[in-house]
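# Structure at a glance
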Amino acid sequence: MTDSGKVYHRSCTGLALQTVEQHTRDEDITLFSGCFCPFVQRVWAAFEYLEIPYKVSESYYEVDPYQKPQELLNVSPKGLVPALMLNAFDPPRALNESTVILDFLEDIAAKSTHKSLFPPSTDPYAKALVRLQSDHISRTLVPAFYRYLQAQDPEAQISGGKEFHAAVQSLVELFERAEREVGGTGLWVEGGDLGWADVVVAPWIFRATNVLKHYRGFEMPQGTKFEAWLGRLFEHPAFKKTCSDEKLYLDSYERYAFNRPNTSQVANAINSGRGLP
């Protein structure tokens, strides 16, 4: 396989496009996003699940996070998405960083829609287990995804595949620990609902089934419970409606798969061995 020079998409497709078109009127919160960005998708799915009103930036089809337009820099100094414009303040205020935004949305929902991605507050241990799952995702699984995708040497690709597979397996072990100790969390349990760790990891697991499979021949771990979790996760309405057609991801991630120079701040961090921005 050779680099065909595909360019990244600037607007979403499929169900995600339908969702954008349903969020064009003014709201207290405006979401700045990129159509193929997994950090955006975790926030977007949370908006949908928590039922918090939001508007997708009018520049959604035009904002190019690689070109850092001034409108984006006004709400996110590094030019990274996702970012929020909080229009209820005068003048408007801004937030960026996906996990910070997720915490903010949880607090908003607690006072408005009364929905939550966490276990009940009456079970602080269960919530702590979810935090451990999330910590593993951020520290280990997400960086492993990019190292694997960006690896060019065949031996590095083999090593990267093993590393990412192990990171997924370790997450499964954390899910199983929660099942043993507190009856399970999120969608891992049949009959459960979308949880914090599900939202935090879903975009990368989803891209593993299309981007990593296409460019690296990656196959997901086997197992009845794991496959059932995947099915529940990918079919959950809050996540599914934020997904574009497969072509968008394959085109947009070719630049990562061939590790083109200056692909993104995330790619540069992986190449230099730094933590993700």
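Preceding block: the structure.
Notes on the structure in this doc start here. (Residues numbered from 1 in each chain as written. Predicted model: local features only at pLDDT ≥ 70, side-chain atom pairs only at ≥ 80, totals over all residues. Heavy atoms only, no water.)

Attention now moves to the overall build of the chain. Looking only at helices and strands, the chain has twelve helices and four strands in total. A compact globule built from 277 residues would reach a C-alpha radius of gyration of about 19 Å, and the chain, at 18 Å, matches this within 12%. C-alpha atoms of the chain, sized along the principal axes, occupy 55 × 45 × 35 Å. Counting every atom, the chain has about 12,800 Å² of accessible surface; 51% of that belongs to carbon and sulfur. Of the side chains in the chain, 28 bear a positive and 35 a negative charge, and the two mean positions are spaced by 3 Å. (Helix = DSSP H or I, 4+ residues; strand = E, 2+ residues; numbered from the N terminus. Rg over C-alpha atoms; globule rule 2.2 N^0.38 Å. Areas by Shrake-Rupley, 256 points an atom, 1.4 Å probe, with all protein chains shown as cover. Lys, Arg positive; Asp, Glu negative; His and termini not counted. Charge placed at Lys NZ, Arg CZ, Asp CG, Glu CD.)

This part takes up helix α6 (residues 154–182). Its 29 residues give α6 an end-to-end C-alpha distance of 42 Å, which sits within 8% of 42 Å, the value for a rise of 1.5 Å per residue. Restricting attention to buried positions, one finds in α6 the residues G160, G161, F164, A167, V168, L171, V172, F175 and A178. Positioned one or two residues after α6, G183 has a phi angle of 85°, which is positive. (Expected span 1.5 Å × (residues − 1). Buried < 20%, exposed > 50% of the residue type's maximum accessible area, 1.4 Å probe, protein only.)

This part is about the environment of L73. With respect to the helices, strands and loops of the structure, L73 is situated in helix α3 (residues 70–73). Between the C-alpha atom of L73 and that of V211, which follows or precedes it by 138 residues, the distance is 29 Å. Residues in contact with L73, not counting those within four places in the same chain, are K68, K78 and G79. (Contact = heavy atoms within 4.5 Å.)

The next point concerns the nonpolar core. F47, Y146, L149, F164 and W229 are the most contacted members of the largest nonpolar core, which totals 85 residues. It is helix α7 (residues 196–216) that provides the largest number of residues to this core, a total of 13 residues. (Core = buried A, V, L, I, M, F, W, Y, C linked by side-chain atoms within 4.5 Å.)

Attention now moves to the pattern of salt bridges. Tallying each qualifying case throughout the model produces 14 salt bridges. With a closest N to O distance of 3.3 Å, E181 and R177 form a salt bridge. Taken together, the residues span about one helical turn, with E181 and R177 both in helix α6 at a distance of four residues. Taking the relative accessible area as the measure of exposure, E181 reaches 40% and is therefore partly exposed. Beyond isolated ion pairs, a larger network of salt bridges with shared partners links D3, K6, E254 and R260. (Salt bridge = Lys/Arg side-chain N within 4 Å of Asp/Glu carboxyl O.)

Going residue by residue along strand β1 (residues 29–32), you find I29 and L31 tucked away on one face and T30 and F32 tucked away on the opposite face as well. Pairing of β1 with strand β3 (residues 83–86), which is carried by four bridges, proceeds in the antiparallel orientation. Bridge assignment links L31 to a residue of β3, and that residue is L84. Two strands pair when backbone bridges link them, and β1 and strand β2 (residues 55–56) are joined in this way by two bridges, in the parallel orientation. Pairing of L31 across the sheet is with V56, part of β2. The parallel pair β1 and β2, bridged by helix α2 (residues 38–50), forms a crossover whose chirality is right-handed. (Pairing = 2+ DSSP bridges. Right-handed = clockwise from strand over helix to strand, strands pointing away.)

Let us now look at the packing of helix α4 (residues 98–111) against α7. Interaxial distance between α4 and α7 falls to 12 Å at its minimum, and their mutual angle equals 145°. Note that α4 runs across α7; the crossing there is right-handed. On α7, the residues that touch L102, D103 and E106 of α4 are W196, V199 and V200. Looking at side-chain class alone, the contact of α4 with α7 contains four nonpolar, no polar and two charged residues. (Axes fitted to C-alpha atoms, helices over the stretch in contact; angles between N-to-C directions. Left-handed = near helix turned anticlockwise from the far one by under 90°. Nonpolar A, V, L, I, M, F, W, Y, C, P; charged D, E, K, R; others polar.)

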